[in-house]
Amino acid sequence: MSSGKTVLSVRDLKLYYRTRKGIVKALEEINFDLEKEDVLAVVGESGCGKSTLARALVRVLPRNIHTYEGKVFLNGRNVMELDEEAFRREVRWKKISIVFQGAMNSFNPVYKIGQQVAEPLVIHDNVEKKEALKKARQLIELMGMPGVFAERYPFELSGGMKQRAAIAMALITNPEIVILDEPTSALDVLTQANIINLLKRIKNEFRLSYIFITHDLGLASELANKVAVIYAGKIVELSSADVFYTEPKHPYSRGLIASVPTLTTDRKPEFISGAPPSLIDPPSGCRFHPRCRFAWDKCSAEEPGMIKVGEDHLVRCWLYGDGK
Amino acid sequence: MSSSKRVGGLKGVLHEVLSYKSAVIGVAILLFLIVLSVYTMVTIPLPEAIQAWRSSEAWSRNPRNAQPEWVEIFYGKKLPRTIIVPLKDADATKVLLEDGRLAASWTVYFNYEYDDFPSEIVIFFNSSYSEKPAVEIYWIRPDGEEVFLKKHVLRRPDDRLYLSNDLSLELRLEGLFENKVGGKPSFMVTVEKGLFAEYSLDPRVLKGRYGIRFETTLEKNDVLNAEVVIYGSVYGLAGTDHLRRPLLIGLLWGTPIAMSFGLTSAILTTVLSLIIGTISGWYGGKIDLVIQRIVEINAVLPFLPILIMLTTFYRIDLLIILLSVVVLSIFSLGIKGTRILVMQIKSYPYIEAAQAYGASNMRLILFYVIPKILPPVVPGMISSVPGFVFLEAGLSYLGLGDPFLPTWGKIINDAQTNGAFYKGMYYWVLEPAFMLILTSIAFALIGMALEKIVNPKLKEL
Amino acid sequence: MNSDTRLLELEDLRKWFEIRRGFLSSRVNYVKAVDGVTFSLEEGKAVSLVGESGSGKTTLGKTILRLYEPNGGRILFQGKDITHTKVKDLKWYRRMASLVQQDPFGAFASHFTVFRALEEPLLIHNTVKSREERAERVFKALEEVRLTPVEDFAYKYPHMLSGGQLQRVAIARAIILEPRLIVADEPVSMLDASVRIEILTLLRRLQERLRLGVIYITHDLATTRFFSESALIMYAGHVMEKASTQEVLRNPLHPYTKALLIATPDPNPQNRSRFKEVPPGEPPALVDPPKNCRFSPRCPRAFDKCFKEEPPEFEAAPGHWVKCWLYERS
């Protein structure tokens with residue numbers, strides 16, 4: 001149900017970082033659009049670069065950064081051009097906020113929850129502490145917890161409650177886009193379902209757009225209307241969720257879907273053999289070719305670009321381009 | 001659990017250590033000290049060294065409180081070494097007298113080219129006689145002057161004549177000087193100056209060929225042997241102390257003693273502490289409580305005063321000191337750190353996994369825990385060696401160390417007791433101090449490099 | 001089903017943990033992590049133990065392995081009562097029952113190579129005397145888990161392998177002593193989604209071929225489908241439902257099981273337009289719990305009796321047990 005207005009437009013985002021062993025090509029040729037009230041699921045295995053992408057979008061960069069370039073248009077304006085201070089003031093947590101993986105472990109144990117949830121408001125909008133705390137309480141209640149929890153310390157809350165608090169903290173400055181990096185990874189199935197319900201509710205209520213990062217395809221389908229599959233630092237498939245789950249095109253996407261054990265269908269899950277490649281020295285040509293059942297000469301020789309296979313459906317695979 | 005791994009055992013560690021320049025210096029110094037120690041232990045076995053250190057006869061031909069030879073670079077003049085003139089080399093003339101006795105006369109010559117005066121002159125006799133002979137000694141200067149020194153009746157076959165302490169000789173020489181110069185000279189006329197100085201108002205050494213003549217009457221079977229020792233003011237690489245002992249021996253022997261004391265204390269203390277900490281952390285419960293309380297009490301005990309007490313009341317020998325130091329050090333606060341580490345490791349999944357496949361407590365401690373806690377402990381162990389070395393030196397300096405062993409601390413102690421600094425004998429203190437500092441630097445540099453390896457965060461420092 | 005083929009039997013098993021309040025207080029409170037579990041496992045069969053965190057499933061797994069001593073009930077292994085056997089007399093059991101843990105990276109001492117880690121159990125039990133024989137066993141185990149060529153893997157350190165590869169080594173370590181029972185505690189939760197199936201498939205194939213009993217502990221109901229013959233659903237220290245895996249998935253009876261099934265996400269794009277109907281709240285703390293149905297505070301079907309009395313297990317259908325008052329009449 002997107003309203004057609006493009007909130008975020010990423011073009012050729014590239015991120016490399018330096019390590020003792022060489023330069024890690026963590027992200028390359030990242031291109032996608034996010035419209036208002038879109039939920040883009042970014043899926044991939046661990047180490048594929050999806051978390052790096054989350055950090056790249058809010059410019060939380062590692063110390064050993066080597067290359068960070070591309071264009072990121074936020075409501076039409078290229079925020080990559082902003083300097084650090086301007087970015088911090090105008091974008092980070094103001095327009096785009098993020099709920100980190102393991103956010104429930106990133107609360108400071110010596111401060112109360114309410115104070116921490118209120119902190120972004122105090123820092124960004126220069127709101128008075130008392131006002132901010134009030135707003136924090138309201139949000140906490142909106143998250144489905146009693147307002148008094150604002151007075152509690154992190155250790156007094158369960159994992160699910162802390163995660164809700166982390167989400168409240170991400171929402172308090174009224175951002176347009178919320179990046180959710182594996183927001184339910186350490187939570188129980190029931191709690192997870194409750195949090196997903198919550199995320200659905202507030203998305204509708206506040207008209208938010210999400211970038212939802214996960215390795216769990218089932219979970220992704222709970223929220224996403226668009227899916228981007230990342231493999232070895234590159235997007236290999238980008239399409240609407242409806243199309244993706246019914247007709248995935250890229251061999252990797254198909255492998256991913258096939259490996260999800262399901263309750264409802266009788267299909268026996270299969271797995272993709274091999275392991276994700278090193279990003280310091282990725283395979284030549286298509287980065288997936290060593291594990292691909294359909295690979296042929298061209299795949300190891302030349303890297304495919306994003307090929308259009310349908311309305312809003314792009315695949316990075318020679319099976320769909322010229323050559324076959 | 002960190003999985004930063006330095007694989008490759010000892011070789012890998014060595015390679016990594018050597019990548020730090022400071023550590024290379026440290027290792028170089030350490031190797032030098034080890035070579036020195038080995039050399040010393042081989043060429044001067046310890047029992048001999050102790051024996052020699054205690055005796056005075058062995059050093060009788062050395063000057064007392066001599067400076068090291070190389071100080072002459074700073075003075076800019078050639079400083080005198082000890083000259084020994086044996087009577088055996090003399091031109092002897094013997095005349096047979098009517099009563100069967102021999103009138104003998106020996107003259108020995110030597111060259112004196114130094115820019116400064118000798119420190120002492122002693123004549124060592126070594127004779128056999130039936131009746132104590134009377135010996136007349138004459139001094140022949142390069143300018144031809146002959147000075148009658150003394151008529152000395154030998155008191156015993158191995159008699160010694162300390163010319164330097166002879167007050168009458170000194171006064172005579174002073175008088176002679178004043179006559180020759182025609183006034184009171186600007187310096188005090190000691191025996192050495194009186195015999196070796198040019199006749200002038202300022203002290204100048206008369207260089208050239210000197211001679212000494214001995215005249216005496218001997219019975220038929222008497223033998224007169226003597227050695228004139230003209231003591232220099234410098235000796236050897238390191239000089240001598242108040243007992244004429246070459247400081248070099250003390251410095252050399254101090255090296256293996258310091259190294260072995262330091263290393264043994266450090267290793268024993270560290271290993272025992274580790275074991276105690278591990279037991280405390282692993283078994284918990286009552287034994288943990290007891291050990292922790294002992295540690296806390298030990299932390300408030302005054303270490304040095306107790307050590308001093310022990311060494312004052314009991315027989316002092318290096319081994320006792322070592323054991324006392326170790327016993328007082330093993331319950332250090334470092335145990336608390338080890339204990340925490342062990343408790344952490346105990347909670348890791350692989351310990352549980354090992355329990356599941358049947359590993360016993362002892363096996364877990366030896367093969368799973370200790371290999372993990374040993375590496376962080378090694379840099380601390382190396383860095384603690386200087387502390388122990390200084391401890392031993394400090395105790396010796398206070399006079400509480402082993403009185404028979406030649407150690408650096410003992411040398412400083414001797415220096416202090418004999419007022420080295422007051423008398424300008426800086427080398428006596430500075431040389432052992434230098435060795436102490438050198439040893440400390442070596443271990444400290446290596447320890448720091450090891451610490452940087454073990455704790456990568458410190459690399460940024 | 002005579003007891004001759006029963007590998008493992010649990011009778012009303014309880015494991016409580018003491019928490020002492022204060023130094024001088026005499027009052028002792030208990031965290032009742034496992035509070036009355038009964039089931040049996042036959043030779044060569046797999047059972048899934050499903051539950052969320054805090055359900056007691058991990059504690060149950062460790063108690064079965066006698067890493068804990070039970071506070072109540074009995075454990076019988078191949079007919080032998082090992083409930084209160086002293087640890088020093090349990091060495092034989094350590095060979096017969098092994099553990100695969102959740103965290104592959106934590107499961108290995110970082111200073112042991114793969115070879116050494118696999119050799120450890122052999123060295124401890126000293127059943128294989130010569131070095132060559134031990135090496136043979138190690139290589140064979142690596143082949144079983146498809147880590148080939150074995151020479152490539154045997155001399156690596158844990159940090160050089162991926163999660164999936166390490167978990168294979170963990171499985172190799174679990175089978176090297178030729179046990180009869182394996183307790184796999186969430187063996188794939190920390191692995192990538194695409195690797196999970198690989199590992200579970202491997203484990204299943206090994207189990208079938210070597211006729212091992214496997215207790216598969218998990219929170220992900222979906223993975224039980226092709227893995228185990230039977231399933232137990234645990235909640236707050238109790239077994240709420242017990243049946244064949246197929247039955248549990250196709251015909252769940254307990255409200256909790258039903259909630260679990262609804263909550264587990266399937267890759268279906270229509271999910272985003274629906275809210276999941278799941279009970280709110282969190283699992284209860286297990287400190288001195290009240291003596292009623294533990295799920296009652298959250299249960300959409302709870303009635304008076306549920307809040308007052310703890311239900312026993314009712315056999316609602318042949319071989320299908322439910323701990324719920326709703327099924328009382330049977």
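Here the residue index of a chain counts from 1 through its sequence in written order. All chains are assigned letters beginning at A, and all ligands numbers beginning at 1, according to the order in which they are written. With the structure being a predicted model, the display of local features is reserved for residues of pLDDT at least 70 and the display and counting of side-chain atom pairs for 80 or more, all residues being used for whole-chain, interface and lining totals.

This part takes up the overall build of chain A. Assigned secondary structure in chain A consists of 10 helices and 12 strands. Our radius of gyration looks at C-alpha atoms and nothing else; its globule reference is 2.2 Å times the residue count to the power 0.38. The C-alpha atoms of chain A give a radius of gyration of 20 Å, which matches the 20 Å a tight globule of 324 residues would have. Structurally, chain A occupies a C-alpha span of about 65 × 50 × 40 Å along its principal axes. As a rule, residues whose C-beta atom has 12 or fewer other C-beta atoms within 10 Å are exposed, those with 20 or more are buried, and those in between are partly exposed; C-beta atoms are placed from the backbone. The buried share among the 324 residues of chain A stands at 48%. Contact between two residues is assigned when their C-beta atoms, built from the backbone, lie within 7 Å. In chain A, 64% of the contacts between residues at least 6 apart in sequence involve partners at least 24 apart. Starting at the N terminus, helices and strands are each numbered in turn, a helix being any DSSP run of H or I of at least four residues and a strand any DSSP run of E of at least two.

We now examine the overall build of chain B. Secondary structure assignment for chain B yields 15 helices and nine strands. In terms of its C-alpha atoms, chain B occupies a principal-axis envelope of roughly 110 × 45 × 40 Å. The burial tally for chain B puts 35% of its 461 residues in the buried class. Look at the contacts in chain B between residues 6 or more apart in sequence, and 73% of them connect residues 24 or more apart.

Packed helices, taken two at a time, are described by the angle between their axes plus the distance between the axes. All names here are of chain C. Look at helix H3 (residues 114-125) against helix H4 (residues 131-144): their axes get within 10 Å of each other, and the N-to-C directions meet at 115°. In this structure, the crossing between H3 and H4 has a hand that is right-handed. Contact with H3, carried on its side by Phe 115, Leu 118, Glu 119 and Leu 122, involves Arg 134, Arg 137, Val 138 and Ala 141 of H4 and no other residues of that element. Split by residue class, the contact of H3 with H4 holds five nonpolar, no polar and three charged. Angles shown run from 0 to 180 degrees and are taken between the N-to-C directions of axes, each axis being a line fitted to C-alpha atoms and, for helices, limited to the stretch in contact. Here a crossing is taken to be left-handed if its near helix is turned anticlockwise relative to the far helix by less than a right angle, and right-handed if that turn runs clockwise. Under the convention adopted here, Pro, Cys and the residues Ala, Val, Leu, Ile, Met, Phe, Trp and Tyr are nonpolar, Asp, Glu, Lys and Arg are charged, and Gly plus all remaining residues are polar.

Interfaces are frequently sized by the accessible area removed from exposure as the parts join. Facing the 19 residues of chain B at the interface are 22 residues of chain C. Top contributing element to the side of chain B that touches chain C by residue count: helix H12 (residues 349-356) of chain B, with seven residues. Residue composition of the side of chain B that touches chain C, by class: 12 nonpolar, three polar and four charged.

The next subject is the interface of chain A and chain C. Listed per partner, the contact involves 42 residues of chain A and 35 residues of chain C. At the level of elements, helix H6 (189-206), helix H7 (217-223), helix H8 (241-246) and helix H9 (251-258) of chain A are the ones that each hand at least two residues to the side of chain A that touches chain C. Classifying every residue of the side of chain A that touches chain C gives 19 nonpolar, 15 polar and eight charged.

This brings us to unusual backbone geometry. With an omega of -5°, the peptide bond between Thr148(C) and Pro149(C) qualifies as cis. One non-glycine residue with positive phi stands out, namely Glu29(A), at about 50°. Relative to the elements of secondary structure, Glu29(A) occurs in strand S2 (residues 22-35). The backbone of Asp312(A) shows a phi angle near 55°, a positive value even though the residue is not glycine.

In this section: the domain arrangement of chain B. By domain assignment, chain B separates into domain 1 (9-56 + 245-460) and domain 2 (69-231). Each domain span listed reflects an automatic or database assignment of domains. Relative placement of domain 1 of chain B and domain 2 of chain B: their C-alpha centres are 53 Å apart.

Bringing the environment of Gln101(A) into the picture now. Residues and elements named next belong to chain A. Within the element layout of this structure, Gln 101 appears in the loop between strand S6 (96-99) and helix H3 (113-124). Taking the C-alpha atoms as reference points, Gln 101 and Thr 184, 83 residues apart in sequence, are found 7.9 Å from one another. Beyond its immediate sequence surroundings of up to four residues, Gln 101 is in contact with Ser 51, Asp 181, Glu 182 and Ser 185.

Looking now at the pairing of strand S5 (residues 134-140) of chain B. Working note: regular strand, side chains alternate between the two faces of the sheet. Residue and element names in this part refer to chain B. Along S5, the buried face is formed by Val 135, Ile 137 and Trp 139; none of Ala 134, Glu 136, Tyr 138 and Ile 140, which line the opposite face, is buried. Note: S5 against strand S6 (residues 146-153), seven bridges, orientation antiparallel. Of the residues in S6, the one forming a bridge with Val 135 is His 152. By definition, two strands form a pair when at least two bridges between them are found by DSSP. Linking S5 back to S6 in an antiparallel pair, the connection comprises five residues, with Gly 144 at a positive phi of about 95°. Note that S5 and strand S8 (residues 208-218) share six bridges and pair antiparallel. The residue bridging Ile 137 from the neighbouring strand is Phe 214, located in S8.

Our focus in this paragraph is the domain arrangement of chain A. Residues and elements named next belong to chain A. Under the domain assignment, chain A is made up of domain 1 (6-85 + 181-191 + 208-320) and domain 2 (96-174). Centre-to-centre, using C-alpha coordinates, domain 1 lies 30 Å away from domain 2. Contacts between the two partners involve 11 residues from domain 1, matched on the other side by nine residues from domain 2. When its residues are assigned to classes, the side of domain 1 that touches domain 2 shows six nonpolar, three polar and two charged.

Let's shift gears to the pairing of strand S3 (residues 102-112) of chain B. Residue and element names in this part refer to chain B. Bridge analysis of strand S2 (residues 91-96) against S3 gives six bridges, and the strand direction is antiparallel. Counted as the bridge partner of Lys 94 is Ala 104 from S3. Where S2 folds back onto S3 in an antiparallel hairpin, the turn is made up of five residues, including Gly 100, whose phi is positive at roughly 90°. Note that S3 and S8 share 11 bridges and pair antiparallel. Across the sheet, Ala 104 pairs through a bridge with Thr 216, a residue of S8.

Let us look at the nonpolar core. Note on terminology: a nonpolar core is any set of buried Ala, Val, Leu, Ile, Met, Phe, Trp, Tyr and Cys residues joined through C-beta atoms within 7 Å. Membership of the largest hydrophobic core comes to 249 residues, with the highest contact counts inside it found for Ala41(A), Val117(A), Ala168(A), Phe212(A), Ile215(C) and Ile233(C). The greatest single-element share of this core, amounting to 14 residues, is contributed by helix H13 (residues 361-397) of chain B. Excluding residues that lie within four positions of it along the chain, Ile233(C) makes contacts with Val50(C), Gly51(C), Val239(C), Met240(C), Glu241(C), Val248(C), His254(C), Tyr256(C) and Thr257(C). In terms of nonpolar packing, the next biggest core, distinct from the first, is built from 36 residues, Leu154(B), Leu163(B), Phe177(B) and Val191(B) among them.

All names here are of chain A. Ordered by their spatial adjacency, four strands build an open sheet running S2-S1-S4-S5, and the pairing between neighbours is antiparallel. The two strands at the open ends of the sheet, each matched to only one other strand, are S2 and strand S5 (77-78). The pairing of strand S1 (residues 6-19) with S2 spans nine bridges and is classified as antiparallel. Bridge assignment links Leu 8 to a residue of S2, and that residue is Leu 34. Contacts between helix H1 (residues 50-57) and the sheet are confined to S1, S2 and strand S4 (65-74), with S2 contributing the most and set at about 70° to the helix.

For the two pairs of chains in contact, the maximum contact count is reached by chains A and C. The smallest C-alpha distance separating chain A from chain B is 13 Å, and no contact links them.

To continue, consider the packing of helix H14 (residues 408-417) of chain B against helix H15 (residues 426-454) of chain B. All names here are of chain B. For the pair H14 and H15, interaxial distance at closest approach is 9 Å and the crossing angle is 160°. Put simply, H14 runs roughly antiparallel to H15. Between H14 and H15 the crossing geometry is left-handed. Contacts between H14 and H15 involve Trp 408, Ile 411, Ile 412 and Ala 415 from the former and Trp 428, Val 429, Pro 432, Ala 433, Met 435 and Leu 436 from the latter. Within the contact of H14 with H15, the residues separate by chemical class into 10 nonpolar, no polar and no charged. The labels follow the angle: roughly parallel below 35 degrees, roughly antiparallel above 145, roughly perpendicular from 65 to 115, and oblique for the rest.

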